[in-house]
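So the chains spell out like this:
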Amino acid sequence: HHIVEVRDLCHCYPDGTEALRGISFRIHHGESVAVVGANGAGKSTLLLHLNGYLAPTRGDVRVGDTPVVRTTLPEVRRTVGMVFQDPDDQLFMPTVFDDVAFGPLNLGLPPAEVERRVTDALERVGVAHLRDKPPYRLSGGEKRRVAIATVLSMSPDILVLDEPTTGLDPYARRQLMGLLRDFSHTKIITSHDLDMVMDLCERTIVLRGGKVAADGPTREIFGNDE
Ligand code: ADP
Ligand code: ADP
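As the structure is a prediction and not an experimental result, all values here were calculated from the model.

Asks: In this structure, what is going on with the sheet that holds strand β4 (residues 58–63)? I would like to understand it.
Replies: Strand pairing in a sheet takes place through backbone hydrogen bonds and is either antiparallel or parallel in direction. Taken in spatial order, the 4 strands line up as β2-β1-β4-β5 in an open sheet, and their pairing is antiparallel. Both outer strands of the open sheet, β2 (18–28) and β5 (66–67), are each paired with one neighbouring strand and no more. Bridging between strand β1 (residues 2–12) and β2 involves 8 bridges; their strand directions are antiparallel. Residue H2 lies in a different strand from β2, and its bridge partner there is H28.

Structure follows, in structure tokens:
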């Protein structure tokens, strides 16, 4: 059964830019899907619809059997963990610990469980040593990993990442790829990092000018006959 369904999604920004022009696809439980395309193709706009940061101009988005609309946002955002392109959009608390604990605390989890989730999320992205630091002091790559931890601590069913390897050094990038490979739930990733896409995503959706230009097995999309 599919866990994400996007039907005829159109998005027009207030200045008149038609960023999405009739996008449709379904994603199955456990699928790992890359969304690729040139700058301006509509990738970020599409992702922002998956947990209701933008509302469709036309069409609709469903997560599980739930339509993504204003009244369902709390439920949708527990299911869909979104890692934004810019980590500064995700980090706003005085310390790394507070940022990663924010979601679990909001769920009303007991302190010991919050502690366990924060520790686990920070260890998985390799930044346990940064837990008491203020996020604004961190490097770009460290911030990105903490931003991912803030989402992992929510145990989402669907992980959505916008350009997750941006600013990571080769070691951090490899560690992130290992982490994403181990994340067995559904993943949706936008990236210009074709090696990562080939490695992690069995399926690729290509956007061009706000439309789906191709959708299929990654190896076919990139014409890799190895
Ligand atoms: P991508 O992530 O593939 O680079 P975006 O979704 O960021 O593409 O952008 C798709 C189109 O929408 C582009 O033409 C971009 O300039 C435009 N766009 C993005 N954000 C806004 C905005 N807030 N207001 C107006 N136009 C926007
Ligand atoms: P269902 O049985 O729920 O109707 P389908 O197996 O028909 O689902 O697939 C739903 C949609 O998802 C189809 O449009 C199909 O093209 C797309 N899809 C699913 N998996 C892949 C994949 N690996 N590559 C390309 N498209 C896929």
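Asks: I'm lost on the packing of helix α3 (residues 96–106) against helix α5 (residues 140–152) in this one. Help?
Replies: In helix packing, the relevant descriptors are the interaxial angle and the interaxial distance, both defined with respect to the helix axes. Their axes nearest at 7 Å, the elements α3 and α5 cross at an angle of 30 degrees. It follows from the interaxial angle that α3 and α5 lie roughly parallel. Seen along the crossing, α3 lies across α5 with a hand that is right-handed. In contact with V96, D99 and V100 of α3, α5 contributes V146, A149 and T150.

Asks: What should I look at first to understand the pattern of salt bridges in this one?
Replies: One side chain can pair with another of opposite charge once the charged atoms of both are near each other. Enumeration according to the criterion identifies 12 salt bridges in this entry. Residues R124 and D120 are paired through a salt bridge, measuring 3.3 Å at the closest nitrogen-oxygen approach. Taken together, the residues span about one helical turn, with R124 and D120 both in helix α4 (residues 111–124) at a distance of 4 residues. A relative accessible area of 35% means that R124 is categorised as partly exposed. On the basis of relative accessible area, D120 is assigned to the partly exposed category, the value being 33%. Of the charged contacts, one joins R181 and D199 as a salt bridge, the two residues approaching to 2.4 Å between their closest N and O atoms. Residue R181 is found in helix α6 (residues 170–182), and its partner D199 is found in helix α7 (residues 194–200); the two are separated by 18 residues along the sequence. D199 gets classed as partly exposed once you look at its relative accessible area, which sits at 40%. Through salt bridges with shared partners, a single network forms among E31, R203 and D215.

Asks: Looking at this structure, I do not really get the nonpolar core. What am I missing?
Replies: Generally speaking, nonpolar side chains in soluble globular proteins are found buried as a group. The biggest cluster of nonpolar side chains holds 36 residues, and the ones touching the most others in it are V100, L152 and L180. When sequence neighbours within four positions are dropped, the list of residues in contact with V100 reads V118, A121, L122, V146, A149, T150 and S153. Residues V4, I23, V80 and I188 belong to the second largest nonpolar core, which totals 27 residues.

Asks: Would you mind showing me how to read the side chain of S153 here?
Replies: Looking at where S153 falls in the secondary structure, it is placed in the loop between α5 and β7 (158–162). Of note is the side chain of S153, whose polar atom sits 3.1 Å from the backbone oxygen of T150.

The rules behind these values
Once a new chain begins, its residue numbering starts again from 1 and follows that chain's sequence as written. Following the order in which they are written, the chains are lettered starting with A and the ligands numbered starting with 1. Confidence filtering applies because this is a predicted model: local features only for residues at pLDDT of at least 70, side-chain atom pairs given and counted only at 80 or more, and all residues used for totals across whole chains, interfaces and linings. Side-chain descriptors were evaluated using all non-hydrogen atoms of the structure, hydrogens and water having been removed beforehand. By this definition, two strands are paired if DSSP reports at least two bridges between them. Elements are defined by DSSP. Helices are runs of H or I of four residues or more, strands are runs of E of two residues or more, and each kind is numbered from the N terminus. Only the stretch in contact is used when fitting a helix axis, every axis being a line fitted to C-alpha atoms; angles between N-to-C directions are given from 0 to 180 degrees. Any angle that is under 35 degrees is reported as roughly parallel, and any over 145 degrees as roughly antiparallel; angles of 65 to 115 degrees are reported as roughly perpendicular and all others as oblique. Handedness of each helix crossing follows the sense of rotation of the near helix against the far helix: counterclockwise by less than a right angle gives left-handed, clockwise gives right-handed. Pairs of residues are marked as contacts when any of their non-hydrogen atoms sit within 4.5 Å. When a carboxyl oxygen of Asp or Glu is within 4 Å of a side-chain nitrogen of Lys or Arg, the pair counts as a salt bridge. We call a residue buried when its accessible area falls under 20% of the maximum for its residue type, exposed when it is over 50%, and partly exposed in between, using a 1.4 Å probe and counting protein chains only. Take the buried Ala, Val, Leu, Ile, Met, Phe, Trp, Tyr and Cys residues and link them wherever side-chain atoms come within 4.5 Å; each set so joined is a nonpolar core. Think of a polar contact as two N or O atoms within 3.5 Å of one another; within protein, one of them needs to be a possible hydrogen donor and the other a possible acceptor, and neighboring residues in sequence only count if both atoms come from side chains.

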